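# Examining the three-dimensional arrangement
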Amino acid sequence: MNISIIGAGNIGATLARKLAAAGHTIRLANSRGPDSIQTLAREVGATAVTREDAVQDAEVIILAIPFDKHPALASLLNAAPADAIIIDTSNYYPFRDGDIAALQQGQTESQWASEQLHRPVIKAWNAVLAATLAEKGQPAGQPDRLAIPVAGDDAQAKAVAMTLVDVTGFDAVDAGSLSDSWRQQPGTPAYCTELSQPALISALQAADRDRAPHNRDALINEFMSAGELTHAAIVARNRAVTV
């Protein structure tokens, strides 16, 4: 498939590497232009392009950008094919992204993102730490393979996203519609807790919508004040606080 990734940070670069290795044609773009990511693109098997070129003829567009940047991409995505699948990997953190009234009032992150983009989106790869995505993928069928939730309203688009999740090394769990995607947002038991497929299904069902924002803010305050933490410690705290 022709897959474009907008955002060349840890998540975007890792997805580019894994999807290119699986045989997909990857174009990688960021806000600073292709010259700034030429070396990275070569290393991961992608082609560095402008964001404008990235959306041309793309079958899938993966957004690996800070959450508050969605509104600025609306005009860009107007030039994308009407049937291009848009996958949103981002998460909302008020301390970084500012106070967004609709989210503070309970709207799900990706419903808000979809409204800003004027395009339907699928939510995937948001509930996984960058190190987990880079280092803990396994071939299909492994008994201890980790799982990633995928939410969206278009069944066909969601099926494509779930296939792509699988080739990045993780079992894909259908997490329901976009209105259900709050169950994989920060502060829930499914978010960055490194669970198997059965455990992730249970975690999605156990999510508490009222508690999630409080858990999110408590965890980020703890992580920011604790200094350097190991990956294992972050996963453990996510599990302990959100259970």
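Residues numbered from 1 in each chain as written. Predicted model: local features only at pLDDT ≥ 70, side-chain atom pairs only at ≥ 80, totals over all residues. Heavy atoms only, no water.

## Observations concerning the pairing of strand β8 (residues 171-174)
Applied cut-off: If DSSP finds at least two bridges between two strands, the strands pair. The helix and strand labels rest on DSSP assignments: H or I over at least four residues marks a helix, E over at least two residues marks a strand, and numbering proceeds from the N terminus.
Judged from the four bridges that link them, strand β7 (residues 147-150) and β8 form a sheet pairing that is parallel. What sits directly across from A147, in β8, is D171.

## Here we look at the packing of aromatic side chains
Note the cut-off: Pairs were defined over the aromatic rings of Phe, Tyr and Trp, the Trp ring being its six-membered one, requiring ring centres within 6.5 Å. Orientation was assigned from the angle between planes: stacked under 30 degrees, edge-to-face over 60, tilted for the rest. We call a residue buried when its accessible area falls under 20% of the maximum for its residue type, exposed when it is over 50%, and partly exposed in between, using a 1.4 Å probe and counting protein chains only.
One pass over the full model with this rule turns up three aromatic pairs. Seen from their ring centres, F67 and W112 are 5.1 Å apart, and the 25° between their planes marks the pair as stacked. With F67 in the loop between β4 (60-63) and α4 (74-77) and W112 in helix α7 (residues 109-117), this pair connects stretches of sequence that are 45 residues apart. Classification of W112 by relative accessible area gives buried; the value is 10%. Seen from their ring centres, Y93 and F95 are 6.1 Å apart, and the 65° between their planes marks the pair as edge-to-face. Overall, Y93 belongs to the buried group, its relative accessible area being 13%. A relative accessible area of 51% places F95 in the exposed class. These aromatic residues form a ring-pair network of at least three members: F67, Y92 and W112.

## Concerning the nonpolar core
To keep things clear, this is the line we draw: Residue types Ala, Val, Leu, Ile, Met, Phe, Trp, Tyr and Cys, when buried and joined through side-chain atoms within 4.5 Å, form a set referred to as a nonpolar core. Contacts: residue pairs with any heavy atoms within 4.5 Å of one another.
I62, I87 and W125 are the most contacted members of the largest nonpolar core, which has 34 residues in total. For this core, the elements supplying multiple residues, two or more each, are β1 (2-6), α1 (10-21), β2 (25-29), α2 (38-44), β4, β5 (85-88), β7 and α9 (155-167). For this core, the element with the most residues is α1, which contributes five residues. With near-sequence residues (within four places) excluded, I87 lies in contact with V60, I61, I62, L63, I122, A124, W125, A161 and L164. Judged by nonpolar contacts, the second largest core, of 15 residues, contains A58, L63, A80 and V121.

## Description of helix α12 (residues 231-242)
Just so we agree on the cut-off: To estimate the expected span of a helix, count its residues, drop one, and scale the result by 1.5 Å. Arc, as used here, means the arc of the directions from the helix axis to the C-beta atoms.
The end-to-end C-alpha distance of α12, which contains twelve residues, comes to 17 Å, matching closely the 16 Å that a straight helix rising 1.5 Å per residue would cover. Inspection of α12 places V235, N238, V241 and T242 among the buried residues, and these make up the whole buried set. With its buried residues spanning 140° around the axis, α12 presents them on a single face. Next to the buried residues of α12 lie α11 (212-225).

## Brief notes about the layout of surface pockets
Keep this limit in mind: In this analysis the probe radius is 1.4 Å and the grid spacing 1 Å, with only protein atoms considered; a cavity is a set of points the probe fits into but cannot get out of, a pocket is an open set with protein on both sides within 12 Å along at least five of seven lines, and lining residues have an atom within 4 Å of a point. Grid points are joined across faces, edges and corners, and a volume is the space filled by probe spheres set on the points. Charged residues are taken to be Asp, Glu, Lys and Arg, nonpolar residues to be Ala, Val, Leu, Ile, Met, Phe, Trp, Tyr, Cys and Pro, and polar residues to be all remaining types, Gly included.
Taken as a whole, the largest pocket encloses approximately 700 Å³ of empty space. If you trace the largest pocket, you find 31 residues lining it, with N91, Y93, R96, L129 and Y191 closest to the centre. If you list the elements that add at least two residues to the lining of the largest pocket, you get α1, α5 (94-97), α11 and α12. Per-element tally for the lining of the largest pocket: the top contributor is α11, with four residues. Of the residues belonging to the lining of the largest pocket, the class tally is 19 nonpolar, ten polar and two charged.

## Structural notes on the side chain of R27
Heads up, the rule is: This count recognises Lys and Arg as positive and Asp and Glu as negative, with His and chain-terminal groups excluded. One side-chain nitrogen of Lys or Arg within 4 Å of one carboxyl oxygen of Asp or Glu is enough to make a salt bridge. Two N or O atoms form a polar contact when they lie within 3.5 Å of each other; inside protein one atom must be a possible hydrogen donor and the other a possible acceptor, and for residues adjacent in sequence the pair counts only when both atoms belong to side chains.
If you trace the backbone, R27 turns up in strand β2. The buried charged residue R27 lacks any salt bridge partner; its closest oppositely charged side chain belongs to D57, at an N-O distance of 5.5 Å. A polar contact of 3.4 Å, which involves the side chain of R27, links it to the side chain of S4. Separated by 3.1 Å, the side chain of R27 and the backbone oxygen of D53 make a polar contact. Excluding residues that lie within four positions of it along the chain, R27 makes contacts with I3, S4, I5, T47, V49, D53, A54, Q56, D57 and A58.

## Considerations on helix α10 (residues 197-206)
All buried positions along α10 are accounted for by L200, A203 and L204. Down the axis of α10, the buried set is contained in an arc of 100°. They therefore lie on one face. Away from its buried face, by an angle of more than 90 degrees, α10 presents the exposed residues P198, Q205 and A206. Tucked into the core, α10 has its buried residues touching β7 and β8.

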